[in-house]
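Residue-level structure breakdown
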Amino acid sequence: MALLQINNLHARIEEQNILKGVDLTVGAGEVHAIMGPNGSGKSTFAAVLAGREEFEVTEGGVLYEGGDLLDMEPDERALEGVFLAFQYPVELPGVSMNNFLRQALNQQREHRGEEPLSAGAFLKRMRECAALVSLDPQLMSRSVNDGFSGGEKKRNEIFQLAMLEPRLAILDETDSGLDIDALRIVADGVNALRRSDRSFVVITHYQRLLNYIVPDVVHVMADGRIVRSGDKSLALELEEKGYDWLREEAVAA
Amino acid sequence: MPTTETEFLHEVAASEYKYGWETNVEADTIPKGLDEEVVRLISAKKEEPQWLLEWRLRAWRHWEKLAANPSEAYPRWPHLTYTEPDFRNITYYSSPSKKPRYESLDEVDPELLETFERLGIPLAEQEKLAGVAVDVVLDSVSVHTTFKEELAELGIIFCSFGDAVQEHPELVQKYMGSVVPYTDNFYAALNAAVFSDGSFCYIPKGVRCPMELSTYFRINQAGTGQFERTLIIAEEGSYVSYLEGCTAPMRDENQLHAAVVEIVAEANAEVKYSTIQNWYPGDNEGRGGVYNFVTKRGICKGDRAKISWTQLETGSAITWKYPSVILKGDGSVGEFYSVAFTKGQQQADTGTKMVHVGKNTKSTIISKGISGGRSNNSYRGLVKINKGAERARNFSQCDSMLLGDRCGAHTFPYIEIKNPSAQVEHEATTSKIGEDQLFYCFQRGIGEEAAIKLIVNGFCKEILAKLPMEFAVEAQKLLDIELEGSVG
Ligand SMILES: Nc1ncnc2c1ncn2[C@@H]1O[C@H](COP(=O)(O)OP(=O)(O)O)[C@@H](O)[C@H]1O
Ligand SMILES: [Mg+2]
């Protein structure tokens, strides 16, 4: 059984239809890339999977580990192993990284019937995960994303991914705005976190990330639909031709 | 069954009203209403000197005049809606010596005790707060005495206002009314006429008070009446940190509270005044609840004196309160740090006044208002730079957070500048508790209530951090408990 099975997903916001029939199946341990022009609905797709309430699902369904994902509250989804690395990570003034992550981690542990992590074990784990994406451990005593640089915010998302060990990780343009060194750090971090029981949906606008995170499948989204799927060579083809020919295809479809 | 502690507390409070735990009128209570006789009676019961009786009577006559013309006398400018108290139907004096209701903690409602536990209130204090008879020898009285002796060695006077009148009349006479005259406002006049008791604190020249005053004494304040009067005098170069109030839910059958606090800081003296106010806010329909009309003001009399007000306001049905600083001495500093949290049908109109008189004076105002339920929360602040206040500086920041869409947040900043060299900065923000922030928390597996607590605590953090350590911990727990079930 696939980890994630999406059938004919439609979603809208304020009367505007954005997702117009997305089909996608992600098996355990697979890495899927979703590419597509700006405004094609990639972030909306990620937000709907994570349970953002502003978006109304009007048609279709999502099975996650065989259960109805859309029936679950956003925090339940997270507790069940769905993780979203935000395109625009949110600032929480006055809430320390430490406190935030400890709460998140302990909620997840409680959900799995595990004891809260001891302060010592938590710290150790935090240092290890921070090292994975070369994040300064000093940031842990600062407020969540508050005053973080663009690159720090993105690495912080992957750091949290490492801490929370999800089964489905959705990365929404984690690469955009990163210089090549930072991009490599993030990609290496993600590669280190690949496992046979962890799947990734990597949303990106650019092909270059896929030089480092090699996907099993590449999908192209245009106008709220997946219009093409293929292996990693599809990404290169897109790089060459741009997105315009897809738009035409989408309109023709 | 109540679902949250907050509701429970409300229920406890409401039920106490319903069952009238304190209806048996003690012999030491004087009849309702206010006239010259009542003022004389209060003064006589307290065996006050003639000068104080006369002062009370002057205040009373002033109040009488104001009350005769209520449309002008009552402060109607706050953003508050309520029925004015019927001043003829209030009891102005009752003996503070109330009998305990229980023999031991075992008899107290276990849910109330659990709340005390969660707030981290020590056992001995729990007993007093719940109204349990306390073993006088073993308990705080001995602690009380030890600290009193330690303070006395340093020449610090810390006692009830009544005791100060008896033992240090010259100090009381010199300073009382010097910062808040009875002519200041309607409620200040009322307080001056009928005040029951309060605290008095005197720190001699050059002395640094070695402990947070009233941490160990706060229970004793729990029983003080509805018209409290506090006077703090910090002589040259002295320092004191003073705590008022308590995180435990404080109930009172007195609907009207009109306290006055006066602070005098001489040259190079520093006074830090922290308050946690958690009076009964009334039930969810807005019935009952304390009207809290407080006049608090300090004067930085000498050069480089400093006064800071820090407050966490979570209680009362109506709060009307503007702790202020008159910056008279050159280079003196005034600070106001406030968190006001309202929910249910609560209304708060609170803020500060910073009056710059001396040169190079500096004031800082940071106010955080959080409103939930159908409550209304207003910040009202005045920054006044007088003509002679060369190079005065003020920074004000007022942030409001809404926890739902049926509550209100308002900001009324007033700025009067009479000296062109002044630098005044004002920042204000109002935001609904961020959907993005909540969603970010949810996405990490943090549920709604925990997420709200996290975000609100983050919002208030810089203020709570100004409170003395142990108070700060309790304050945060209090805020957590108050936040339960407050959204919507
Ligand atoms: N909160 C919103 N309100 C209104 N329209 C939105 C909102 N979020 C996204 N959209 C619209 O949905 C479309 C898809 O946006 P998005 O999912 O962000 O695309 P992508 O991530 O592929 O750039 C765009 O036309 C965008 O304007
Ligand atoms: Mg996007």
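On to the coordination of the magnesium ion (ligand 2), then. Residue and element names in this part refer to chain A. Taken together, Ser 43 (OG) and Gln 87 (OE1) make up the full set of protein donors to the magnesium ion (ligand 2), lying 2.1 to 2.4 Å away. Of this pair, Ser 43 sits in helix α1 (residues 42–50) while Gln 87 sits in the loop between β6 (82–85) and β7 (92–96); the two residues are 44 residues apart in sequence, bridging distant segments of the chain. Under the relative-accessibility criterion, Ser 43 is labelled partly exposed at 28%. When its relative accessible area of 15% is taken as the criterion, Gln 87 is described as buried.

All names here are of chain B. Across its 17 residues, helix α13 (residues 448–464) extends 22 Å between first and last C-alpha, which sits within 8% of the 24 Å expected from 1.5 Å per residue. Residue Gly 458 marks the point of greatest curvature in α13, where the axis turns by about 40°. With 12 of 17 residues buried, α13 is to be regarded as a mostly interior element. Within α13, burial applies to Ala 451, Ile 452, Lys 453, Leu 454, Ile 455, Val 456, Asn 457, Gly 458, Phe 459, Cys 460, Ile 463 and Leu 464.

All names here are of chain A. Around ligand 1, the neighbouring residues are Ile 13, Gln 16, Ile 18, Pro 37, Asn 38, Gly 39, Ser 40, Gly 41, Lys 42, Ser 43, Thr 44 and Phe 55. Between an oxygen atom of ligand 1 and a main-chain N or O atom of Gly 41, the distance comes to 3.1 Å. Taking Lys 42, its main chain carries an N or O atom lying 2.9 Å from an oxygen atom of ligand 1. Coverage of ligand 1 by the protein amounts to 64% of the 560 Å² it exposes when considered alone. Only β2 (16–26) and α1 provide two or more residues apiece to the shell around ligand 1. The dominant element in the shell around ligand 1, judged by the number of residues it contributes, is α1, at three residues. Taken together, the residues of the shell around ligand 1 sort by class into four nonpolar, seven polar and one charged.

Within the largest apolar cluster, 106 residues are counted, with the highest numbers of intra-cluster contacts made by Phe45(A), Phe159(A) and Val456(B). Broken down by element, this core gets its largest block of residues, nine residues, from α13(B). In this structure, Phe45(A) is in contact with Ile6(A), Leu9(A), Leu19(A), Val22(A), Leu24(A), Ile34(A) and Met221(A), ignoring residues within four places of it in sequence. By size, the runner-up hydrophobic cluster in this structure holds 51 residues, among which are Leu53(B), Trp63(B), Phe87(B) and Val264(B).

Quick look at the sheet that holds strand β18 (residues 423–432) of chain B now. One key point about sheets: their strands pair by backbone hydrogen bonds, in either a parallel or an antiparallel sense. Residue and element names in this part refer to chain B. Pairing is parallel in the open sheet, where seven strands are placed in the order β4-β7-β9-β12-β14-β16-β18. The sheet is open, and its two borders are formed by β4 (239–245) and β18, each paired with just one other strand. Neighbour-to-neighbour, the strand axes of the sheet open up by a mean angle of 5°, direction not taken into account. Taken together, the eight bridges between strand β9 (residues 306–313) and strand β12 (residues 333–342) define a ladder with parallel strand orientation. The residue bridging Ser 308 from the neighbouring strand is Glu 335, located in β12. Sitting on the sheet, α13 is in contact with β9, β12, β14 (362–371) and β16 (393–402), with an inclination near 155° to β14. Helix α14 (residues 469–483) rests against β4, β7 (270–277), β9 and β12 of the sheet, and its axis sits at about 25° to β7.

A word on the interface of chain A and chain B. With 32 residues of chain A at the contact, the number on the chain B side is 18 residues. Between chain A and chain B lies a buried interface of about 2000 Å² when both sides are counted; carbon and sulfur atoms form 64% of it. If you look at where chain A meets chain B, you find two salt bridges. Between Arg444(B) and Glu157(A) there is a salt bridge, with its nearest N and O atoms 2.7 Å apart. Between chain A and chain B we count 12 residue pairs in polar contact (both at pLDDT 80 or more) in total. Listed by contribution, the elements that provide at least two residues to the side of chain A that touches chain B are α1, α2 (74–79), β6, β7, α3 (97–111) and α5 (150–164) of chain A.

Now for the sheet that holds strand β3 (residues 31–35) of chain A. All names here are of chain A. With mixed pairing, the six strands of this open sheet are ordered in space as β6-β9-β10-β3-β11-β12. Of all the strands in the sheet, just β6 and β12 (225–230) have a single pairing partner and so form its edges. Averaged over all pairs of adjacent strands, the angle between their axes in this sheet comes to 20°, without regard to strand direction. Both strand β9 (residues 168–172) and strand β10 (residues 199–203) contribute to a ladder of five bridges, which runs parallel. Of the residues in β10, the one forming a bridge with Asp 172 is Ile 203. Each of β6, β9 and β10 touches α5; the most contacted strand, β6, lies at about 165° to it.

A full pass over the atoms with the stated rule returns 15 aromatic pairs over all chains. Ring geometry for Phe100(A) versus Tyr440(B): centroids 5.7 Å apart, planes at 10°, classification stacked. Note that Phe100(A) is positioned in helix α3 and Tyr440(B) in helix α12 (residues 435–443), a pairing that runs across two chains. Between the aromatic rings of Trp320(B) and Tyr322(B), the centroid separation amounts to 5.7 Å while the plane-to-plane angle is 80°, which identifies the pairing as edge-to-face. You'll find Trp320(B) and Tyr322(B) in the same group, each marked buried. Here the aromatic residues Trp63(B), Phe186(B), Tyr187(B), Tyr291(B), Phe293(B), Trp320(B) and Tyr322(B) are joined through ring pairs into a cluster of three or more. Over the face of the ring belonging to Phe459(B) we find Lys368(B), whose NZ or CZ atom lies 5.0 Å from the ring centre. The ring of Phe412(B) has Arg380(B) sitting right over it, with the charged end atom 4.5 Å from the ring centre.

Residue and element names in this part refer to chain A. The contact between α3 and α5 brings their axes to 10 Å, and the two run at 35°. The crossing of α3 and α5 is right-handed. Touching Met 97, Phe 100, Leu 101, Ala 104, Leu 105 and Gln 108 of α3 are Asn 156, Phe 159, Gln 160, Met 163 and Leu 164, all from α5. Of the residues that constitute the contact of α3 with α5, the class distribution is eight nonpolar, three polar and no charged.

Attention shifts here to the side chain of Ser199(A). All names here are of chain A. Inspection of the secondary structure assignment puts Ser 199 in strand β10. There is a polar contact of 2.9 Å between the side chain of Ser 199 and the backbone oxygen of Gly 27. Discounting residues that sit within four places of it in the chain, Ser 199 has contacts with Leu 3, Val 26, Gly 27, Ala 28, Gly 29, Glu 30, Arg 167, Leu 168 and Ala 169.

The full count for this structure, using the stated rule, is 28 salt bridges over all chains. With a closest N to O distance of 3.2 Å, Glu482(B) and Lys343(B) form a salt bridge. Of this pair, Glu482(B) sits in helix α14 while Lys343(B) sits in the loop between β12 and β13 (347–356); the two residues are 139 residues apart in sequence, bridging distant segments of the chain. Judged on exposure class, the residue Glu482(B) and its partner Lys343(B) are both buried. Connected through salt bridges with shared partners, the residues Arg52(A), Glu54(A) and Asp436(B) form a single ionic network.

Before going further, it helps to examine the packing of helix α3 (residues 50–68) of chain B against helix α10 (residues 186–194) of chain B. Residues and elements named next belong to chain B. Here α3 crosses α10 at 145°, and the two axes come no closer than 7 Å. Note on packing geometry: the crossing formed by α3 with α10 is left-handed. Contacts from Trp 55, Arg 56, Ala 59, Trp 60, His 62, Trp 63, Leu 66 and Ala 67 of α3 reach α10 at Phe 186, Ala 189, Leu 190, Ala 192, Ala 193 and Val 194.

Let us now look at the confidence of the model for chain A. Mean pLDDT for chain A: 92, with 97% of residues reaching 70 or above. Mean pLDDT across the elements of chain A ranges from a minimum in helix α9 (residues 244–252) of chain A, with 65, to a maximum in β6(A), with 98.

About the thresholds
- Residues numbered from 1 in each chain as written.
- Chains lettered and ligands numbered in written order.
- Predicted model: local features only at pLDDT ≥ 70, side-chain atom pairs only at ≥ 80, totals over all residues.
- Heavy atoms only, no water.
- Donors = N, O, S within 2.8 Å, 3.2 Å for Na, K, Ca; no water.
- Helix = DSSP H or I, 4+ residues; strand = E, 2+ residues; numbered from the N terminus.
- Buried < 20%, exposed > 50% of the residue type's maximum accessible area, 1.4 Å probe, protein only.
- Expected span 1.5 Å × (residues − 1).
- Bend = angle between axes of the 7 residues up to and from the residue.
- Near = heavy atom within 4 Å.
- Polar contact = N/O pair within 3.5 Å; in protein donor to acceptor, adjacent residues only side chain to side chain.
- Areas by Shrake-Rupley, 256 points an atom, 1.4 Å probe, with all protein chains shown as cover.
- Nonpolar A, V, L, I, M, F, W, Y, C, P; charged D, E, K, R; others polar.
- Core = buried A, V, L, I, M, F, W, Y, C linked by side-chain atoms within 4.5 Å.
- Contact = heavy atoms within 4.5 Å.
- Pairing = 2+ DSSP bridges.
- Axes fitted to C-alpha atoms, helices over the stretch in contact; angles between N-to-C directions.
- Buried area = accessible area lost by both parts, 1.4 Å probe.
- Salt bridge = Lys/Arg side-chain N within 4 Å of Asp/Glu carboxyl O.
- Phe/Tyr/Trp six-rings, centres within 6.5 Å; stacked < 30°, edge-to-face > 60°.
- Lys NZ or Arg CZ within 6 Å of the ring centre and 35° of its normal.
- Left-handed = near helix turned anticlockwise from the far one by under 90°.
- pLDDT = per-residue confidence, 0-100.

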